[in-house]
Amino acid sequence: MSTVIEVLFPEFCNMFGDSSNMKYLKHCLPDAEFKYTAYTDEPYFVKDKPALIYLGAMTEKKQELVIKKLLPLKERLAELIEQGVPMLFTNNALEVLGSHIETDEGNIECLGLYPFKAKRFMMNRINSLVRGQFKGMEIVGFKTQFTKAYDCEKGKNVHQSMFETEFPFIRVDKGLGMNEDIDREGFRDNNLFATYLVGPFLILNPDFTLYLMREVMQLKDAKLAFEPEIREAYRRRVEEFHNPKTEY
């Protein structure tokens, strides 16, 4: 049975070098079948279970189109998440899964699979380096975005975020978390991983990529492509991120 990896809407979900996540994974998994689903196509995941579903960074206008495309499929996505189908959403793709996006023109309703909202500040682009931890791995990356993510209001007595309690992913040591008040970046639910980090994320973090392939996708014999070069680049990046002179 072939390993099918579905890349959603690559014609416009490809900003900040995020398309290189799948280009690199293709080198790591040369025997896998990569299905590139165009916006006008029916996604493969509607009737089948991919080994991984990937959605990358996009413009704000294209984000609204993606939400419109996926809204009728949100129950299917929820079902696949519950069944443990691996998924990776990077940069503003993660916002598609939340409740809504607050803008100066009003709210944009999203899929509503998770109880968080994004606030968009179009006159204030956020750029930040990020260093954090996940399962003993040091995670490094970059943020470039117009939004921050916050829990939807649940009452005055709620003091902890869903990003910290229900769906924690990366604990941030340096740089910005999902917003200025918490030290968590992204969120994880079962085998869904969502992060604002770009760069591309999989090339920047070889240990996570190996974990994704072997532990999450259950491809036990998977290997990192260009491993010596990738690990040396990672070593230098971690060293730079630990330099006290590095500005976050």
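Presented here is a report on the structure given in the accompanying data block. (Residues numbered from 1 in each chain as written. Predicted model: local features only at pLDDT ≥ 70, side-chain atom pairs only at ≥ 80, totals over all residues. Heavy atoms only, no water.)

1. Looking at the packing of helix H5 (residues 206-216) against helix H6 (residues 227-242)
Across the interface, H5 lies against H6 with an axial gap of 9 Å and an inter-helix angle of 130°. In terms of their interaxial angle, H5 and H6 are classed as oblique. The segment H5 lies against H6, with Pro206, Asp207 and Leu210 engaging Ile230, Arg231 and Tyr234. A per-class count over the contact of H5 with H6 returns 4 nonpolar, no polar and 2 charged. (Axes fitted to C-alpha atoms, helices over the stretch in contact; angles between N-to-C directions. Helix = DSSP H or I, 4+ residues; strand = E, 2+ residues; numbered from the N terminus. Parallel < 35°, antiparallel > 145°, perpendicular 65-115°, else oblique. Contact = heavy atoms within 4.5 Å. Nonpolar A, V, L, I, M, F, W, Y, C, P; charged D, E, K, R; others polar.)

2. Focus on the pattern of salt bridges
One pass over the full model with this rule turns up 14 salt bridges. Close ionic contact of glutamate 180 with lysine 148 constitutes a salt bridge, the shortest N to O distance being 3.1 Å. In this pair, glutamate 180 sits in the loop between strand E11 (170-174) and strand E12 (184-185) while lysine 148 sits in strand E10 (residues 147-151), placing the two residues 32 residues apart along the sequence. Of the charged contacts in the structure, one is a salt bridge between aspartate 183 and arginine 171, with a shortest N-O distance of 3.0 Å. Residue aspartate 183 is located in the loop between E11 and E12, and its partner arginine 171 is located in strand E11; the two are separated by 12 residues in the primary sequence. (Salt bridge = Lys/Arg side-chain N within 4 Å of Asp/Glu carboxyl O.)

3. Comments concerning the pairing of strand E1 (residues 4-8)
With respect to burial, E1 is a largely interior element, 5 of its 5 residues being buried. The side-chain alternation of E1 yields two buried faces, one formed by Val4, Glu6 and Leu8 and the other by Ile5 and Val7. As paired strands, E1 and strand E2 (residues 33-37) are joined by 5 bridges and run parallel to one another. What sits directly across from valine 7, in E2, is tyrosine 36. Running through helix H1 (residues 19-28), the crossover from E1 to the neighbouring parallel element E2 is right-handed. The pairing of E1 with strand E3 (residues 52-55) spans 3 bridges and is parallel. Paired with valine 7 across the two strands is tyrosine 54, which belongs to E3. (Buried < 20%, exposed > 50% of the residue type's maximum accessible area, 1.4 Å probe, protein only. Pairing = 2+ DSSP bridges. Right-handed = clockwise from strand over helix to strand, strands pointing away.)

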